[in-house]
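These are the residues of each chain, in order.
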Amino acid sequence: MQFEQAIKSKIIICDGAMGTELQKRGLGKGVTPDSWNITNPEQVKDVHKSYIQAGADAILTNTFGANSARISKESKYSVRELNLAGVKIARECAGENVLIFGDIGPTGWEDQLPPYGTLSEEAFYEVFSEQAKTLAEGGVDAIIIETMSNLAEAIIALKAVKENTSLPVICSMTFARPPASRPDDFRTSWGDSVSDIVEALTKGGADVLGSNCGDLVNEMPFLAKTIRELTKLPLIFEVNAGIPRIDDDYKTVYSLSPENFADIIMQIIEQGANIVGGCCGTNPEHISAIKNRLDILQSR
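Residues numbered from 1 in each chain as written. Predicted model: local features only at pLDDT ≥ 70, side-chain atom pairs only at ≥ 80, totals over all residues. Heavy atoms only, no water.

Under the defined criterion, the tally for this structure stands at 17 salt bridges. The closest approach of N and O atoms between E92 and K88, which form a salt bridge, is 2.6 Å. In this pair, E92 and K88 both sit in helix α5 (residues 79–94), four residues apart, roughly one turn of the helix. Owing to a relative accessible area of 52%, K88 belongs among the exposed residues under this scheme. Of the charged contacts in the structure, one is a salt bridge between D141 and R91, with a shortest N-O distance of 3.7 Å. Here D141 is found in the loop between α6 (121–138) and β4 (142–148), whereas its partner R91 is found in helix α5, with 50 residues between them in sequence. (Salt bridge = Lys/Arg side-chain N within 4 Å of Asp/Glu carboxyl O. Helix = DSSP H or I, 4+ residues; strand = E, 2+ residues; numbered from the N terminus. Buried < 20%, exposed > 50% of the residue type's maximum accessible area, 1.4 Å probe, protein only.)

Listed below in structure tokens is the structure:
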């Protein structure tokens with residue numbers, strides 16, 4: 001199914017977290033998830049399949065950190081190898097009815113952006129261009145630029161994708177929790193406001209806008225309402241499985257149950273979201289809970 005057709009015809013259910021699912025399968029500390037596209041492709045494939053079986057209409061390639069800014073110079077694998085392998089694995093799982101979103105994350109060098117940093121906009125552009133062109137070559141259905149906390153970086157990434165591919169582009173920002181005195185003042189950790197984000201990314205040609213990850217969980221429906229009031233573009237929201245905490249064994253725990261997670265997602269859909277899914281800590285059970293709720297809603 002084509003992306004344009006799908007976004008007009010139904011609510012698209014995305015997959016959930018990749019990193020925490022790979023950790024369950026043995027991904028160790030200091031090993032990047034994207035390296036498993038080459039060293040442990042069957043494990044990555046198993047995660048994709050589990051989300052598809054749970055009801056996902058779209059899966060993200062395991063390429064969130066597969067850009068030249070994040071890949072160590074000591075890495076055995078190139079940006080091209082990691083991204084093409086990630087798309088190949090996703091394509092082998094997706095079949096004809098599941099969309100593949102090529103996943104691009106931030107560089108991790110946001111503090112080096114002009115005018116205060118030491119790197120040029122051109123340097124960031126080249127990082128995103130290289131990854132975008134490779135994902136497009138691999139055959140993804142759309143590009144998702146996600147977990148962006150700095151609008152300036154998101155604008156550069158969007159420009160790089162639009163100028164180097166013909167694919168639809170999803171832009172998803174990460175927001176901090178607003179102060180109690182200003183509950184509607186959603187901003188990124190860099191201080192970017194919702195209105196500035198919507199204006200700039202719409203001007204840049206984004207096809208879908210929204211949010212994922214960050215400090216917001218229960219507040220996501222309110223954020224969805226805020227963004228929907230500013231744009232008619234399709235919206236995406238991928239929510240964490242609660243606020244993470246460290247347990248007695250020093251492991252990160254996400255405590256939001258699949259049913260409570262689905263409650264939040266349904267509220268987001270009521271506010272006008274077109275694509276929904278899970279972020280950190282979510283698993284196939286969380287995605288299945290969304291699927292079940294939507295099936296019940298549609299049956300009515």
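Turning our attention to the sheet that holds strand β5 (residues 169–173). Ordered in space as β1-β10-β7-β6-β5-β4-β3-β2, the eight strands form an open sheet in which the pairing is parallel. A strand with exactly one partner marks an edge of an open sheet, and here the two such strands are β1 (12–13) and β2 (58–60). (Pairing = 2+ DSSP bridges.)

Okay, the pairing of strand β6 (residues 208–212) next. Within β6, five of the five residues are buried, which leaves it mostly tucked inside the rest of the structure. On β6, burial covers both faces: V208, G210 and N212 on one face and L209 and S211 on the other are all buried. Handedness of the crossover joining β5 and β6 through helix α8 (residues 194–203) is recorded here as right-handed. Bridging between β6 and strand β7 (residues 235–239) involves four bridges; their strand directions are parallel. Bridged to S211 within β7 is F237. In this view, the connection linking β6 to its parallel neighbour β7 by way of helix α9 (residues 220–228) has right-handed handedness. (Right-handed = clockwise from strand over helix to strand, strands pointing away.)

With that settled, the discussion passes to the side chain of T165. Tracing the backbone shows T165 in the loop between α7 (151–164) and β5. Here T165 falls in the buried class, since its relative accessible area comes to 14%. For T165, the side chain forms a polar contact with the main-chain nitrogen of L167, separated by 3.2 Å. Those residues in contact with T165 that sit more than four places away from it in its chain are A132, K133 and A136. (Polar contact = N/O pair within 3.5 Å; in protein donor to acceptor, adjacent residues only side chain to side chain. Contact = heavy atoms within 4.5 Å.)

With respect to the helices, strands and loops of the structure, N83 is situated in helix α5. Looking at N83, its side chain comes within polar contact range of the main-chain oxygen of A66, at 2.9 Å. Here N83 is in contact with T63, A66, Q131, T134 and L135, once residues within four sequence places are set aside.

The next point concerns the packing of aromatic side chains. Counting across every chain of the model gives two aromatic pairs. Both rings, one in F3 and one in F101, keep their centres 5.8 Å apart while their planes meet at 70°; by these two values the pair is edge-to-face. Of the two residues, F3 is situated in helix α1 (residues 3–9) and F101 in strand β3 (residues 99–104); the sequence distance between them amounts to 98 residues. Both residues of the pair, F3 and F101, count as buried. Centre to centre, the rings of F186 and F222 are 5.6 Å apart; their planes meet at 80°, and the pair counts as edge-to-face. Within this pair, whereas F186 is found in the loop between β5 and α8, its partner F222 is found in helix α9, the two being separated by 36 residues in sequence. Since its relative accessible area comes to 2%, F186 is described here as buried. (Phe/Tyr/Trp six-rings, centres within 6.5 Å; stacked < 30°, edge-to-face > 60°.)

This paragraph deals with a negative patch on the surface. Residues E121, E122, E126 and E130 make up a contiguous surface patch of negative charge. Structurally, E121 can be placed in helix α6. (Patch = residues over 30% accessible without salt bridge, like charges linked within 9 Å, V, L, I, M, F, W, Y side chains within 5 Å. Areas by Shrake-Rupley, 256 points an atom, 1.4 Å probe, with all protein chains shown as cover. Lys, Arg positive; Asp, Glu negative; His and termini not counted. Charge placed at Lys NZ, Arg CZ, Asp CG, Glu CD.)

This paragraph deals with the nonpolar core. I145, L201, L223, F237 and I268 are the most contacted members of the largest nonpolar core, which totals 70 residues. The element best represented in this core is α7, accounting for seven residues. The contact partners of F237, leaving out residues within four places of it in the chain, are G210, S211, M220, L223, A224, I227, I268, A273, I275, V276 and G277. (Core = buried A, V, L, I, M, F, W, Y, C linked by side-chain atoms within 4.5 Å.)

What follows is about the pairing of strand β10 (residues 275–278). A two-sided burial pattern is seen for β10, the buried positions comprising I275 and G277 on one face and V276 and G278 on the other. Note: β1 against β10, two bridges, orientation parallel. If you follow I12 over to β10, its bridge partner there is I275. In this structure, β7 lies alongside β10, joined through four bridges in parallel fashion. Each bridged residue has a counterpart across the sheet, and for E238 the counterpart in β10 is G277.

Read these as geometric descriptors, not functional statements.
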